[in-house]
Amino acid sequence: MKLRNGFELKKYDGQYQVVCTDKTVSFNNSIILGETSAFLWKQLSTGEKSKEELLNSLLSNFDISTVLALSDIDSFVKILSGNGIIE
């Protein structure tokens, strides 16, 4: 999976927010990401990643269980897919 062009992660007042930078895309949603989701975004911003690669990155960088990491990844992907941000 990978991020669609035209979307960026910005940090405002300590919160991570997804913003659309492509003026040809109609996007009026407000998506706020937590620390784990922002980390996943940054992983995808470096190029296409598999779910397994995202899982391994989370487990290497956060003190969380595999079950929680998989749940976080699924929630993250669902939100981005539902808003047309992930391919």
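Along every chain, residues carry numbers that run from 1 in the direction the sequence is written. Local features in this predicted model are restricted to residues of pLDDT 70 or higher, and side-chain atom pairs are both shown and tallied only at a pLDDT of 80 or more, whereas totals for entire chains, interfaces and linings draw on every residue. Heavy atoms from the whole structure form the basis of all side-chain values; hydrogens and water molecules are not counted.

Trainee: Account for the nonpolar core, with residues named and values stated.
Mentor: Nonpolar cores are built from buried Ala, Val, Leu, Ile, Met, Phe, Trp, Tyr and Cys residues. Side-chain atoms within 4.5 Å join them into one set. Any residue under 20% of the maximum accessible area for its type is buried, any over 50% is exposed, and the rest in between are partly exposed; the area is computed with a 1.4 Å probe on protein chains only. By size, the foremost hydrophobic cluster in this structure holds 24 residues, and its most contacted members are Val-18, Leu-33, Trp-41, Phe-76 and Ile-85. Numbering goes from the N terminus for both helices and strands, where a helix is a DSSP run of H or I of at least four residues and a strand is a run of E of at least two. Listed by contribution, the elements that provide at least two residues to this core are β1 (7-12), β2 (15-20), β3 (31-33), α1 (35-44), α2 (51-61) and α3 (66-82). Note on contacts: a residue pair is in contact if any heavy atoms of the two residues lie within 4.5 Å. Other than its neighbours up to four places away in sequence, Ile-85 contacts Lys-2, Leu-3, Arg-4, Phe-7, Val-18, Phe-27, Ile-31, Trp-41 and Leu-80.

Trainee: Could you give an account of the packing of aromatic side chains, naming the residues involved and the relevant values?
Mentor: In this scheme Phe, Tyr and Trp rings, the latter by its six-membered ring, pair at centre separations within 6.5 Å, and the angle between planes marks the pair as stacked below 30 degrees, edge-to-face above 60, and tilted otherwise. If you walk through the whole model with that rule in mind, you get two aromatic pairs. Centroid distance Phe-39 to Phe-62: 5.2 Å. Interplanar angle 80°. Geometry classified as edge-to-face. Of the two residues, Phe-39 is situated in helix α1 and Phe-62 in the loop between α2 and α3; the sequence distance between them amounts to 23 residues. Just as Phe-39 is buried, Phe-62 falls in that class too.

Trainee: I'd like to hear about the sheet that holds β3, residue by residue, with values.
Mentor: In short, DSSP must find at least two bridges between two strands for them to pair. Read from one edge of the open sheet, three strands run β1-β2-β3, paired in antiparallel fashion. Each end of this open sheet is capped by a strand with a single partner; those strands are β1 and β3. Averaged over all adjacent pairs, the angle separating strand axes in this sheet is 35°, with direction ignored. Pairing of β2 with β3 involves three bridges; the strand directions are antiparallel. Pairing of Tyr-16 across the sheet is with Leu-33, part of β3. The convention used is that axes are lines fitted to C-alpha atoms, helices contributing only their stretch in contact, and that angles between N-to-C directions extend from 0 to 180 degrees. Contacts from α1 reach β1, β2 and β3, with the element oriented near 140° to β1.

Trainee: Before we move on, could you go through α1 and cite the residues and values that matter?
Mentor: For α1, a buried count of eight out of ten residues is recorded, marking the element as mostly surrounded by other parts of the structure. Of the positions making up α1, those classed as buried are Thr-36, Ser-37, Ala-38, Phe-39, Leu-40, Trp-41, Gln-43 and Leu-44. Residues of α1 that are buried in the fold lie against β1, β2, β3, α2 and α3.

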